[in-house]
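The residues making up each chain are set out below.
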Amino acid sequence: PMKLRTKLIVAFMSVMILPMIFLNVVMHTFASREVGELQQLYMIVVFITTTLLIYWIYRSVSVPLAKLQKAARNIKEGNLDFEIRQESDDEIGQLCQDFEEMRLRLKANAEEKVAFDRENKELISNISHDLKTPITVIEGYAKALLDDRVSEAEKKEYLEVICKRSESLAELITAFSEYNKLERADFSIRAERTDVCEFLRGYVIDKYEELELAGFSVDSNIPEETIECAIDTFHMSRVFDNLISNVVKYNAKGTTIFVSLKRAERGVTISLADNGAGISDGLRKTVFKPFVVGESSRTGKAGGSGLGLAITERIVHLHGGNIRLGEKREGISTEFLIELPCCED
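Every chain is numbered independently, its residues counted from 1 as its sequence is written. With pLDDT at 70 or above as the cut-off, local features in this predicted model cover only qualifying residues; side-chain atom pairs require 80 or more to be listed or tallied, and sums for whole chains, interfaces and linings still use all residues. Based on all heavy atoms of the structure, the side-chain values leave hydrogens and waters out of the count.

Peer 1: Describe the overall build of the protein chain, with residues and values.
Peer 2: In terms of regular secondary structure, the protein chain is built from eight helices and seven strands. Partly exposed residues are those whose accessible area sits between 20% and 50% of the maximum for their type, while under 20% is buried and over 50% is exposed, using a 1.4 Å probe and protein chains only. Burial status across the protein chain gives 34% buried among its 345 residues. Taking the intrachain contacts of the protein chain between residues at least 6 apart in sequence as the baseline, contacts between residues at least 24 apart amount to 68%. Method for areas: the Shrake-Rupley scheme with a 1.4 Å probe, in which residue coverage is limited to the protein chains shown. As displayed, the protein chain offers around 21900 Å² of accessible surface, 54% of which is attributable to carbon and sulfur atoms. In this description a helix means any DSSP run of H or I spanning at least four residues, a strand means any run of E spanning at least two, and both kinds are numbered starting from the N terminus. Contacts were defined at the residue level, with two residues in contact if any of their heavy atoms lie within 4.5 Å.

Peer 1: How would you summarise empty space enclosed by the protein if you had to cite specific residues and measurements?
Peer 2: In the cavity and pocket records, a cavity denotes points on a 1 Å grid over the protein atoms alone where a 1.4 Å probe fits but cannot get out, a pocket denotes an open set with protein on both sides within 12 Å along at least 5 of 7 lines, and lining residues are residues with an atom within 4 Å of a point. Grid points are joined across faces, edges and corners, and a volume is the space filled by probe spheres set on the points. Counted according to the given criterion, the structure contains one cavity of 30 Å³ or more. Its volume calculated, the largest cavity comes out at about 40 Å³. Along its surface, the largest cavity is lined by Tyr 203, Val 204, Lys 207, Tyr 208, Leu 211, Val 218, Ile 244, Ile 257 and Val 259. Going through the elements one at a time, helix H5 (196-213) and strand S4 (256-263) are the ones with two or more residues in the lining of the largest cavity. Side-chain classes are defined by residue name, with Ala, Val, Leu, Ile, Met, Phe, Trp, Tyr, Cys and Pro counting as nonpolar, Asp, Glu, Lys and Arg as charged, and the others, Gly among them, as polar. Taken together, the residues of the lining of the largest cavity sort by class into eight nonpolar, no polar and one charged.

Peer 1: Run through H5, naming residues and quoting values.
Peer 2: If you check H5, its first and last C-alpha atoms are 26 Å apart, about what 18 residues at 1.5 Å a residue would give, namely 26 Å. Here the bend at a residue means the angle between the axes of two seven-residue stretches, the one that ends at it and the one that starts at it. The sharpest bend along H5 comes to roughly 35°, located at Lys 207. Within the sequence span of H5, burial applies to Val 196, Cys 197, Phe 199, Leu 200, Tyr 203, Val 204, Lys 207 and Leu 211. Looking at the packing, one finds that the buried side of H5 touches strand S1 (192-195), strand S2 (217-221), strand S3 (228-231), helix H6 (233-250), S4 and strand S5 (267-274). Sitting at the head of H5, Asp 195 places a side-chain oxygen 3.1 Å from the backbone nitrogen of Cys 197. One or two residues past the end of H5 sits Gly 215, with phi positive at roughly 95°. The span expected for a helix works out to 1.5 Å for each residue beyond the first. Whenever two N or O atoms come within 3.5 Å, that pair is a polar contact, provided that in protein one can donate a hydrogen and the other can accept it, and provided that, for residues adjacent in sequence, both atoms are side-chain atoms.

Peer 1: So what's going on with the packing of aromatic side chains? Residues and values would help.
Peer 2: Only Phe, Tyr and Trp rings take part, Trp by its six-membered ring, and two of them pair if their centres are within 6.5 Å. Stacked means planes under 30 degrees apart, edge-to-face means over 60, and tilted covers everything else. Taken as a whole and assessed by the stated rule, the structure comprises four aromatic pairs. Ring geometry for Phe 199 and Phe 240: centres 6.3 Å apart, planes at 45°, overall tilted. Taken together, the residues span a long stretch of sequence, with Phe 199 in helix H5 and Phe 240 in helix H6 at a distance of 41 residues. Like Phe 240, Phe 199 is buried. Each ring, one from Phe 288 and one from Phe 336, has its centre 6.0 Å from the other, and the planes form 75°; the classification is edge-to-face.

Peer 1: Please give an account of the pattern of salt bridges that cites residues and values.
Peer 2: The term salt bridge refers to a pairing of a side-chain nitrogen on Lys or Arg with a carboxyl oxygen on Asp or Glu at a separation within 4 Å. For the structure on display, the rule yields 13 salt bridges. Between Lys 143 and Glu 139 there is a salt bridge, and its shortest N-O distance comes to 3.5 Å. Here Lys 143 and its partner Glu 139 are both found in helix H3 (residues 91-146), four residues apart, which amounts to about one turn of the helix. For Glu 139, a relative accessible area of 40% corresponds to the partly exposed category. Of the charged contacts, one joins Lys 155 and Glu 152 as a salt bridge, the two residues approaching to 3.1 Å between their closest N and O atoms. One end of the pair, Lys 155, and the other, Glu 152, are both in helix H4 (residues 152-183), three residues apart, so they sit about a helical turn from each other. Of the residues examined, Lys 155 reaches a relative accessible area of 26% and is grouped as partly exposed. Looking at Glu 152, the relative accessible area reads 62%, which means it is exposed.

Peer 1: Before we move on, can you summarise the pairing of S4 with the specific residues and values?
Peer 2: Should DSSP find at least two bridges between two strands, the strands are regarded as paired. Both S2 and S4 contribute to a ladder of five bridges, which runs parallel. Bridged to Asp 219 within S4 is Phe 258. Pairing analysis gives seven bridges linking S4 to S5, with the strands arranged antiparallel. If you follow Arg 263 over to S5, its bridge partner there is Val 268.

Peer 1: Could you give an account of the confidence of the model for the protein chain, naming the residues involved and the relevant values?
Peer 2: pLDDT expresses how confident the predictor is about each individual residue, on a scale running from 0 to 100. In this model, the protein chain carries a mean pLDDT of 81, and residues with pLDDT of at least 70 account for 81%. The low-confidence segment residues 295-302, where pLDDT is below 50, has 28 contacts with residues more than four positions distant or belonging to other chains.

Peer 1: For the state of the cysteines, give the residues involved together with the corresponding values.
Peer 2: What counts as a disulfide here is a pair of cysteine sulfur atoms lying within 2.5 Å. Per the counting criterion, the structure on display carries zero disulfides. The structure places no disulfide on Cys 197, whose sulfur is separated from the nearest cysteine sulfur, that of Cys 229, by 8.2 Å.

Peer 1: Please provide a residue-by-residue account of the side chain of Ser 333, values included.
Peer 2: Its place among the elements puts Ser 333 in the loop between strand S6 (322-325) and strand S7 (334-341). The class of Ser 333 is buried, set by a relative accessible area of 14%. A polar contact is formed between the side chain of Ser 333 and the backbone nitrogen of Gly 276, at a distance of 3.0 Å. Ignoring sequence-local partners within four residues, the contact set of Ser 333 consists of Asp 274, Asn 275, Gly 276, Ala 277, Gly 278 and Lys 328.

Peer 1: Any chance you could break down unusual backbone geometry for me, citing the residues and the numbers?
Peer 2: As a rule of thumb, non-glycine residues mostly have phi less than zero, and peptide bonds are mostly trans rather than cis. A positive phi angle, close to 55°, is found at Asp 148, a residue other than glycine. Within the fold, Asp 148 resides in the loop between H3 and H4.

Peer 1: Got a sec to walk through the environment of Asn 246? Specific residues and values, please.
Peer 2: Assignment of secondary structure puts Asn 246 in helix H6. Asn 246 sits in the buried class, given a relative accessible area of 17%. Linking Asn 246 and Gly 308, residues 62 residues apart in sequence, is a C-alpha distance of 8.3 Å.

Below, the structure written as structure tokens:
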């Protein structure tokens, strides 16, 4: 296909050359005709040639420009559900293609904004609900104590409830503050080149006694080799804290926690699994979303803030990695797989 510049050159040359060729042919063929008749024929040929060429260029420019004008009007009115087809490879066609790419990008941004606003509204709604419940309980028990409607024997019980609800409230506020900090665009981790095998072994050793006292056993399989990854050890410890906290919170004593690490194609895969109650199929699809609490899927113990796994996923993503649920298999009811890239040599 010709470019617009080429079309204009062709049009100019046609207007200049074709009538001259026609005039020469006519003069040689009809030499006896008067000059006036030849001039009239010449002007007719020029007129027809110019008209056809102008129409040709007009169609080449006006049709796509009309589409672009209509597209601009749609965008101005907030309508992005249309398509601009590129029907030529000239400058106008390229402009249509650029306009279509801009429309697709604007549509994607608009859809992301709608999704973001919806998630924010849901987040605020969940926060309001989760804050209201403990505050209402604390308020009710505190008023009962102030109005002296509680016996001496029950005062300690009421104060314990207030204390537990206050701790739950503080945990929720802390978790939300951390989640909000991690979601900020300007937040970044301080990743350093670290032997991930040594780091994971040290973490398991530090947690071993605590888990044993809580009634949980640990089975680790970490290779005795050096595998270096760029990680922020503080935040990566937070990842494992959240995962192990979930195991302890939602499983009965006697549950075994399995920790393993193996090389992958471009990094390492860390597995943290257990043989406890497991996660229901319905919850598996939303387990990393904020305020998803697993109490209905496991033992029925009181749930936490519902932000732990959302925080965990965000931290792993900030490391350039990925976290997902593994498939259930014999002896393993729940498995979280963390994939991290290795440092280049």
